[in-house]
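Commentary on secondary and tertiary structure
Listed here are the chains, written in short residue letters.
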Amino acid sequence: GGCAELCGMPPQKLEQEACNLICDIVGIDAFIHLIEKADLDPIYFCELTTLCAVHDCEGQCVKITDAAVAPQSGPQGTTFKIGVAMQAFNQTSTGTIAFSVLPPDGMPFGDAELVPKGFSPGTFQAGAQIETQPSEQEPFSPGVYKVDIAVCEGECGSKHPHSAVYDTKQLSFQITQQ
């Protein structure tokens, strides 16, 4: 198999896109060697290929200035919108804004938004939507759902160089009985 087959394996779309882009540029053999070294962290992997610039931020880097969920509550089927505003004080490396949802009775799920050129000084906004239509993977039972937002250098939670959590915020929304 080639790059397309290999890069179809990661579960997240962000990881698949980064994988395909880098694999196509460096070639499958060099790519496999880098994967072994990067332990499948797509941003660190990108930095190893020098396709992603490294600007390790020092001092105050990025701060979440506001975050909200709307509406605060609703029945199953409601689309909850999460918004976050941030202030960047210094240039950073490639980063992510991660949104994780912790259901009252299930497995956490979420997504991340890639910040390919890192944060430069200024203000930024990001958002996510959670459609609470019940499925086999998530029944969206009534209860309080916690939402964790993290703004990171590199991939949030990574143990590799050029990775850091700049700021976090926790919100919640409630799914009510029909």
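All values derive from a computational prediction rather than experimental measurement.

What follows is about the overall build of the protein. Helix and strand content of the protein: four helices and eight strands. Written out in order from the N terminus, the α and β elements of the protein read α-α-α-α-β-β-β-β-β-β-β-β. Taken along the three principal axes of its C-alpha coordinates, the protein extends 55 × 45 × 20 Å. Taken together, the 8 basic and 22 acidic charged side chains of the protein have centroids lying 8 Å from each other.

So, on to the state of the cysteines. Tallying each qualifying case throughout the model produces four disulfides. Paired through a disulfide, Cys57 and Cys61 show a sulfur-sulfur distance of 2.1 Å. In this structure the cystine formed by Cys57 and Cys61 twists about its S-S bond by roughly -110°; its chirality is therefore left-handed. Each sulfur of the disulfide joining Cys152 and Cys156 lies 2.0 Å from the other. The sign of the S-S torsion, about 110°, decides the handedness of the disulfide formed by Cys152 and Cys156: right-handed. Judged by its relative accessible area of 25%, Cys156 is partly exposed.

A cluster of nonpolar residues, Leu21, Ile25 and Leu51, forms a patch on the protein surface that exposes about 290 Å² of accessible area. Within the secondary structure, Ile25 is located in helix H2 (residues 13-26). Using a relative accessible area of 51% as the deciding quantity, one classes Ile25 as exposed.

On inspection of all chains with the given rule, the structure shows five aromatic pairs. Geometrically, the ring pair formed by Phe119 and Phe124 is edge-to-face, given 5.2 Å between the ring centres and 80° between the ring planes. Since its relative accessible area comes to 1%, Phe119 is described here as buried. Using a relative accessible area of 27% as the deciding quantity, one classes Phe124 as partly exposed. Members of the aromatic cluster, joined through ring pairs, are Phe80, Phe109, Phe140, Tyr145 and Phe173.

Procedures and definitions
Residues numbered from 1 in each chain as written. Predicted model: local features only at pLDDT ≥ 70, side-chain atom pairs only at ≥ 80, totals over all residues. Heavy atoms only, no water. Helix = DSSP H or I, 4+ residues; strand = E, 2+ residues; numbered from the N terminus. Lys, Arg positive; Asp, Glu negative; His and termini not counted. Charge placed at Lys NZ, Arg CZ, Asp CG, Glu CD. Disulfide = S-S within 2.5 Å. Buried < 20%, exposed > 50% of the residue type's maximum accessible area, 1.4 Å probe, protein only. Patch = residues over 30% accessible without salt bridge, like charges linked within 9 Å, V, L, I, M, F, W, Y side chains within 5 Å. Areas by Shrake-Rupley, 256 points an atom, 1.4 Å probe, with all protein chains shown as cover. Salt bridge = Lys/Arg side-chain N within 4 Å of Asp/Glu carboxyl O. Phe/Tyr/Trp six-rings, centres within 6.5 Å; stacked < 30°, edge-to-face > 60°.

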